[in-house]
Structures are given as structure tokens and as C-alpha cells.
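Tertiary structure, described
What follows is the residue order along each chain.
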Amino acid sequence: MADQHTFDPYKTWQTYMLQWEKQTNEMIQSWTNNREAVKIASISSDIQARFLEMLQKNQQEAANLLNLPTKRDITNAAKLTIQTEEKLDALEELIWNLQDSIEASNNENSSIAKITSEMLKQMKQLKTEQKKESETVREIYSELQEIKRDLTVMNSLKEEIVSLKLLMAESTQKHERELVLTK
């Protein structure tokens, strides 16, 4: 029993495949070394390319007639969808930037409004103070006018007093002369 060999299907398959690969490679090599075979392959590939173009055109026309989308239509739709999504993303980012700038300007506007209201309050206070000051100035002006009138009256009284003193002095001198003369 030791001389018996076990059947290995894998080994048989492997030898068969190696032989088949060798024969196929030899056949391909003989075709590629033959100019006529290369010409025939070139012509057949050209014919096949033309046939594929014609088949694609016919499929396109049939799909158009039946109003069915083709692979090309689906590809174009997918490209358009991707472009639309990119544009929407760009628009969304622009909208976010716009919202941020609007918030910033609103914050600036509210701070400007606060400053303006404070300025208005201060201006009202200054107006009331100005009115009070102008009243005080008017009172002082009227008092000054009274003092001026009183001063003119006093000046006229002073002049009268001076003239009276002179008259009294003259009268006293006259009286003294008369006394001196009468004595």
C-alpha cells in the first residue's frame, strides 16, 4: 500500500491550466508577430468601435423616443446635482457671513443708539442749566441796571452836595465877612 499514490485533483487541474496557458501564450505571440493578424485585429477593433458608436446612437434615439433617461443623462444629472450642492453650500456660507455682519452692525447700531440717547439727555440737562443761567444773568443784568440808575442818582446827589457845600462855604464866608465888618 505504500506504493499507491493518492489522487490529487488540484495537481491535475494545475498541470492542465499550465498547458492551456502555454498554448494560449504561443497562439497570441504568433498572432502579434504576424502582420496580417495585426491588421485584421486593427480593422476588427475599428469595426467594433463603429458598431459601438452606432449602437450607442441607436440606444440614445430609442431612449429619447421612449422618454427614458440614458446613462449619459443620469451622469449629467448627477454632475448638475453636485454643482447645485456646491453652489448651495457657497450661498449658505455667504448667508452666514451676511448674518454675522448684520448682527455686528445691529450691535454697533444699538451702541450708537445708547450713546445718542445719553447725548440727548446731557443736551436736555445743558438746556435746562442754560435756561437757569440765562435767568440768573437776566436778574444780574436787571440788578446792574438798578445799581447803575442808583449810581447816577448818587452821582447827581453828590454833585448837589458838592454844590451845596460850596454854597454853604460861600455863605459861611459871607457871613463871617459880615461879622467881621459888623464888629
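Residues numbered from 1 in each chain as written. Predicted model: local features only at pLDDT ≥ 70, side-chain atom pairs only at ≥ 80, totals over all residues. Heavy atoms only, no water.

1. Re the packing of aromatic side chains
- One pass over the full model with this rule turns up one aromatic pair.
- Ring geometry for Trp13 against Tyr16: centres 6.0 Å apart, planes inclined by 40°, an arrangement best described as tilted. Placement of both Trp13 and Tyr16 in helix α1 (residues 9-33) is noted, with a separation of three residues, approximately one turn of the helix.
- Trp13 sits in the exposed class, given a relative accessible area of 52%.
- Classification of Tyr16 as partly exposed rests on a relative accessible area of 49%. (Phe/Tyr/Trp six-rings, centres within 6.5 Å; stacked < 30°, edge-to-face > 60°. Helix = DSSP H or I, 4+ residues; strand = E, 2+ residues; numbered from the N terminus. Buried < 20%, exposed > 50% of the residue type's maximum accessible area, 1.4 Å probe, protein only.)

2. Quick notes on the side chain of Thr70
- Here Thr70 is to be found in the loop between α2 (35-66) and α3 (71-182).
- When its relative accessible area of 12% is taken as the criterion, Thr70 is described as buried.
- In this structure the side chain of Thr70 is engaged in a polar contact, spanning 3.5 Å, whose partner is the side chain of Gln60.
- Excluding anything up to four places from it in sequence, Thr70 contacts Gln60 and Ala63. (Polar contact = N/O pair within 3.5 Å; in protein donor to acceptor, adjacent residues only side chain to side chain. Contact = heavy atoms within 4.5 Å.)

3. Re the pattern of salt bridges
- Within this structure, the stated rule accounts for one salt bridge.
- Note that Glu135 is salt-bridged to Arg138, the shortest N-O span being 2.6 Å. Taken together, the positions of Glu135 and Arg138, both in helix α3 and three residues apart, correspond to about one turn of that helix.
- The exposure class of Arg138 is exposed, given its relative accessible area of 52%. (Salt bridge = Lys/Arg side-chain N within 4 Å of Asp/Glu carboxyl O.)

4. So, the layout of surface pockets
- One number sums up the size of the largest pocket: a volume of about 170 Å³.
- Together, Gln56, Lys57, Gln59, Gln60, Thr70, Lys71 and Arg72 line the largest pocket.
- Looking at which element gives the most residues to the lining of the largest pocket, the answer is α2, with four residues. (1 Å grid on protein atoms, 1.4 Å probe; cavity = no way out; pocket = protein on both sides within 12 Å on 5 of 7 lines; lining within 4 Å. Points joined across faces, edges and corners; volume = space filled by probe spheres on them.)

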